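Here is how the chains run, residue by residue.
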Amino acid sequence: MKSLRISGLAGGLALVLSALAGIAQAQQAAPSDAGAMPAASADAAGVGPDCPLLMQEAEANLELGRQAARAKRWREAAPLLRDAGAGFLNVAAGCPAVAARANRQGDAATAEMRTAETALSHQGECQPRVDKALDLDLRATMARGEKGDPAQIEQLLGEAEKSWRDAVDVCQSPHREKAEKSLAATVKARAANAELLSAGPACDGAWKSAASLVDYARTASRDKRWDDASMLYGKAVMAWEGAADKCSGVRQQQAQRKAEQAQVDAHNAEHCGPLWDQATDHTQRLKAAGGVSATERDNLSVKAEVAWREAFVQCRGSSQNLARGNADALARERGTPLSPQALASIRGVATAQPLGAAPAVVAAPVPLPAKVVAVQAGTDARPAEAPPAERKVDEPKAAPAPAAEAVLVAGDTTYRGAFALAATGGAVSGSGRVEWTNGESYVGSLVEGRKHGKGRFNWVGGQWYEGDWVDDRATGHGVIQFVGGNRYEGGVLDGEPSGRGTLIFPTGDRYTGDFARGVFHGQGRFAWKNGNRYEGAWRLGRKHGQGRLTWAGGDGWEGEFRDDQQTDNGKSFDAPK
């Protein structure tokens, strides 16, 4: 195929050259006219003998350049298009009659030449660096997935970061923006890996032991050996708690969260797994019942739904949501609610009540609400008005309807405050305090079950955010208190500093300026506690661009920075006297 393309290209060029030669021979063979105007006058009129030849030569280069560009042979296309542009420029300058046409084609040739040069630069400079960075990122990701040596991962991530920075320097838009985004992700991964490096061998050993116990427990769960799975998950809880004691920083928080998840998995293995198997068995019998009567099929459906609701009561986490979804699907398919006798037969309903609360009273034989499964006795929880179906996605949600103080329980979530339930779907709206069994909490307003408006979210490790929420996203203006002691106030997007804000460090250092995806990016001022300060441009957390660095004594340096380093494009200045 390549040889055919080359031969076709050569054939086209031969035809063009043949035509040019024919024109030249015709001009030489034409009889001289004694009354003809001098050559200089003919050139001035735009009909000189060289104009058609020059125009055809430029058009031939343009066509050949375009053919090479369509085949992405940029190294061949760029000089052809450059020659075409120069040729059209010569025609426009020497041939007034066709100057307008030559200028239009010259502009087109120049634009296509720039495109070819950009593609050639990407092919030769940008793409190799991007490929290298991606390969290093992949190797680092595989090493992390295999719980590899953090020192080896640090080396891979360090090389990947350097390759991404090189790519940012040489790539052009839109490849530069993609490289910048990948660089930010690699920097974040490297920071997370730094926590592993600083944790020490005791943390690393405890971490690997806990992870191994979880792997064994998962194998037992897949084999439906629930007693073994419960025992192994229980030991994993203790192992993760031990890892949390030996680790610090982000890894300590991760170990705490893993201990909480292992606790949920241990509970599910002991209490949920057998019920889940029983509910699955009933569901399979229902699906296999092809030739039975409608009454018998309804009985099978009721048994399956009761089994799933029993599993829902005992399960925790995502398993609880799945069990509830399976039960609701059976109720919708059957088209009739469970009878009071069937509801009364569900074992363990009382375990869904908050401690000290009276059992919930089932007022009518209807399926349990979609979200909330228990309401504390003595409270007045009125259904909230269902949102209108025609509300557009980008319209602001309506404020939550007023509700009386109530305590609502939905699985591992407890709502305390002026909350109300939607008449359909069971979504929660209102304001108050929301608590999860893992220790996290939220104080603020909810609209249709989502954080919306003003509120504060508290994480288990001590980090918290207080400020604006939009459709369950921490977005707008707020304050973030980080675990390490850093405190940020300003613009927030999806829980990360974004826009204009101020970050104060425990050391007393302070940065005020632009943020993007949680790092310094744009214009900003960093003031050290010792009196040094920098004002100027930042890129992905580093001084980059024009800036002014002033030391505590007043002396300093002003000019261009690149990747946190001063360049040759700048000068020192003395403190004012």
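Residues numbered from 1 in each chain as written. Predicted model: local features only at pLDDT ≥ 70, side-chain atom pairs only at ≥ 80, totals over all residues. Heavy atoms only, no water.

## A short note on the overall build of the protein chain
Then comes step 1: What the protein chain contains, in helices and strands, is 13 helices and 17 strands.
Then comes step 2: The contacts of the protein chain with a sequence gap of at least 6 include a subset with a gap of at least 24, amounting to 38%.
Then comes step 3: Carbon and sulfur atoms make up 54% of the accessible area of the protein chain, which amounts to about 31,500 Å² in all. (Helix = DSSP H or I, 4+ residues; strand = E, 2+ residues; numbered from the N terminus. Contact = heavy atoms within 4.5 Å. Areas by Shrake-Rupley, 256 points an atom, 1.4 Å probe, with all protein chains shown as cover.)

## Things to note about the packing of aromatic side chains
Then comes step 1: For the coordinates displayed, the defined rule picks out 20 aromatic pairs.
Then comes step 2: On the basis of an interplanar angle of 85° and a centroid distance of 5.1 Å, the ring pair of Y511 and F515 is categorised as edge-to-face.
Then comes step 3: A relative accessible area of 5% means that F515 is categorised as buried.
Then comes step 4: Note on F526 and W538: the rings are 6.4 Å apart at their centroids and 45° apart in plane angle, and the pair reads as tilted. Taken together, the positions of F526 in strand 13 (residues 519-527) and W538 in strand 14 (residues 533-539) put the pair 12 residues apart, joining distant regions of the chain.
Then comes step 5: Overall, F526 belongs to the buried group, its relative accessible area being 8%.
Then comes step 6: You can call W538 buried: its relative accessible area is 7%. (Phe/Tyr/Trp six-rings, centres within 6.5 Å; stacked < 30°, edge-to-face > 60°. Buried < 20%, exposed > 50% of the residue type's maximum accessible area, 1.4 Å probe, protein only.)

## Digging into the side chain of E161
Then comes step 1: Topologically, E161 is positioned in helix 6 (residues 150-170).
Then comes step 2: For E161, a relative accessible area of 6% puts it in the buried group.
Then comes step 3: Not counting residues within four places of it along the chain, the set of residues in contact with E161 comprises L183, T186, V187, R190 and R542.

## Side note on a positive patch on the surface
Then comes step 1: Residues R218, R222, R257 and K258 make up a contiguous surface patch of positive charge.
Then comes step 2: Elements that contribute at least two residues to the positive patch include exactly helix 8 (201-222) and helix 10 (249-288).
Then comes step 3: For R218, a relative accessible area of 44% gives the class partly exposed. (Patch = residues over 30% accessible without salt bridge, like charges linked within 9 Å, V, L, I, M, F, W, Y side chains within 5 Å. Salt bridge = Lys/Arg side-chain N within 4 Å of Asp/Glu carboxyl O. Lys, Arg positive; Asp, Glu negative; His and termini not counted. Charge placed at Lys NZ, Arg CZ, Asp CG, Glu CD.)

## Quick notes on the environment of Q252
Then comes step 1: Here Q252 is to be found in helix 10.
Then comes step 2: On the basis of relative accessible area, Q252 is assigned to the partly exposed category, the value being 28%.
Then comes step 3: Taking C-alpha positions, Q252 is 10.0 Å from W207, a pair spaced 45 residues apart along the chain.
Then comes step 4: Not counting residues up to four positions away in its chain, the partners in contact with Q252 are A244 and C247.

## Comments concerning helix 6
Then comes step 1: Between its first and last C-alpha atoms helix 6 spans 30 Å; for 21 residues at 1.5 Å apiece the expected length is 30 Å, and the two agree.
Then comes step 2: All of the buried residues in helix 6 are P150, I153, L156, L157, G158, A160, E161, S163, W164, R165, A167 and V168. (Expected span 1.5 Å × (residues − 1).)

## Observations regarding the nonpolar core
Then comes step 1: Counting residues in hydrophobic clusters, the biggest one holds 26 residues, and the most contacted among them are Y415, F419, V428, L446 and F520.
Then comes step 2: Counting 24 residues, the second-largest nonpolar core is a separate cluster that includes A229, V237, A244 and A262. (Core = buried A, V, L, I, M, F, W, Y, C linked by side-chain atoms within 4.5 Å.)

## Comments concerning the state of the cysteines
Then comes step 1: According to the stated counting rule, one finds 4 disulfides in the structure shown.
Then comes step 2: One disulfide in the model links C203 with C247; its S-S distance is 1.8 Å. In this structure, the disulfide formed by C203 and C247 twists by about 95° around the S-S bond and is classed as right-handed. One end of the pair, C203, is in helix 8; the other, C247, is in the loop between helix 9 (226-246) and helix 10, and 44 residues separate them in sequence.
Then comes step 3: Overall, the relative accessible area of 0% leaves C203 in the buried class.
Then comes step 4: Shown here is the disulfide that connects C272 with C315, its sulfur atoms set 1.9 Å apart. Negative torsions about the S-S bond denote left-handed disulfides, and the value of about 75° found for C272 with C315 makes this one right-handed. Of the two residues, C272 is situated in helix 10 and C315 in the loop between helix 11 (294-314) and helix 12 (318-334); the sequence distance between them amounts to 43 residues. Summarising the burial analysis for this pair, C272 and C315 share the class buried.
Then comes step 5: The disulfide pattern of the protein chain is 1-2, 3-4, 5-6, 7-8 when the bonded cysteines are numbered in sequence order. (Disulfide = S-S within 2.5 Å.)

## Topic: the pairing of strand 13
Then comes step 1: Examined bridge by bridge, strand 12 (residues 510-516) and strand 13 share 6 bridges and lie antiparallel to one another. By the bridge assignment for strand 13, G513 is matched with G524.
Then comes step 2: The hairpin turn running from strand 12 into strand 13, its antiparallel successor, is 2 residues long, and R517 in that turn takes a positive phi close to 55°.
Then comes step 3: When strand 13 meets strand 14, the two strands line up antiparallel, connected through 6 bridges. Its bridge partner lying in strand 14, F526 is registered against Y534. (Pairing = 2+ DSSP bridges.)

## Some thoughts on the environment of R139
Then comes step 1: Secondary-structure assignment places R139 in helix 5 (residues 99-145).
Then comes step 2: Take R139: its relative accessible area is 42%, and that puts it in the partly exposed class.
Then comes step 3: In this structure, the C-alpha to C-alpha distance between R139 and A160, residues 21 residues apart in sequence, is 9.8 Å.

## Looking at the confidence of the model for the protein chain
Then comes step 1: Residues of the protein chain with pLDDT of at least 70 account for 77%, and the chain-wide mean is 77.
Then comes step 2: Of all the helices and strands in the protein chain, strand 1 (residues 374-375) carries the lowest mean pLDDT, 34, while strand 8 (residues 464-469) carries the highest, 94.
Then comes step 3: The model gives residues 1-47 a pLDDT under 50, and that stretch makes 26 contacts with residues more than four places away or in other chains.
Then comes step 4: The low-confidence segment residues 348-403, where pLDDT is below 50, has 92 contacts with residues more than four positions distant or belonging to other chains. (pLDDT = per-residue confidence, 0-100.)

## Looking at the pairing of strand 10 (residues 487-493)
Then comes step 1: Of the strand pairs in this sheet, strand 9 (residues 476-481) and strand 10 are connected by 6 bridges, and their pairing is antiparallel. The partner of G476 across the bridge, within strand 10, is V492.
Then comes step 2: Here strand 9 hands over to strand 10 after 5 residues, with G485 in that stretch at a positive phi of 110°.
Then comes step 3: Here strand 10 pairs with strand 11 (residues 496-504) via 6 bridges, running antiparallel. Bridging from a neighbouring strand, Y488 pairs with L503 of strand 11.
Then comes step 4: Once strand 10 ends, the chain turns through 2 residues before running back antiparallel as strand 11, passing D494 with a positive phi of about 55°.

## So, the packing of helix 3 (residues 50-70) against helix 4 (residues 74-94)
Then comes step 1: Orientation of helix 3 relative to helix 4, taken along the N-to-C sense of each, is 155°, at an axis distance of 8 Å. When the axes of helix 3 and helix 4 are compared, the pair comes out roughly antiparallel. Seen from above, helix 3 lies across helix 4 with left-handed handedness. Side by side, helix 3 and helix 4 meet where C51, L54, M55, A58, E59, N61, L62, L64, G65, R66, A68 and A69 of the first sit next to W74, E76, A77, L80, L81, D83, A84, G87, F88, V91 and G94 of the second. (Axes fitted to C-alpha atoms, helices over the stretch in contact; angles between N-to-C directions. Parallel < 35°, antiparallel > 145°, perpendicular 65-115°, else oblique. Left-handed = near helix turned anticlockwise from the far one by under 90°.)

## Considering the pattern of salt bridges
Then comes step 1: Under the counting rule described, the total for this entry stands at 34 salt bridges.
Then comes step 2: Across the pair D563 and R165 runs a salt bridge whose closest N-O atoms are separated by 3.7 Å. Of this pair, D563 sits in the loop between strand 16 (556-562) and strand 17 (565-573) while R165 sits in helix 6, placing them 398 residues apart in sequence.
Then comes step 3: In this structure, E496 and K188 form a salt bridge, with 2.6 Å as the shortest nitrogen-oxygen distance. Of this pair, E496 sits in strand 11 while K188 is found in helix 7 (residues 175-199), placing the two residues 308 residues apart along the sequence.
Then comes step 4: Each of E154, E161, R165, D169, R190, R539, R542, E560, R562 and D563 takes part in salt bridges that share partners, so that together they form one network.

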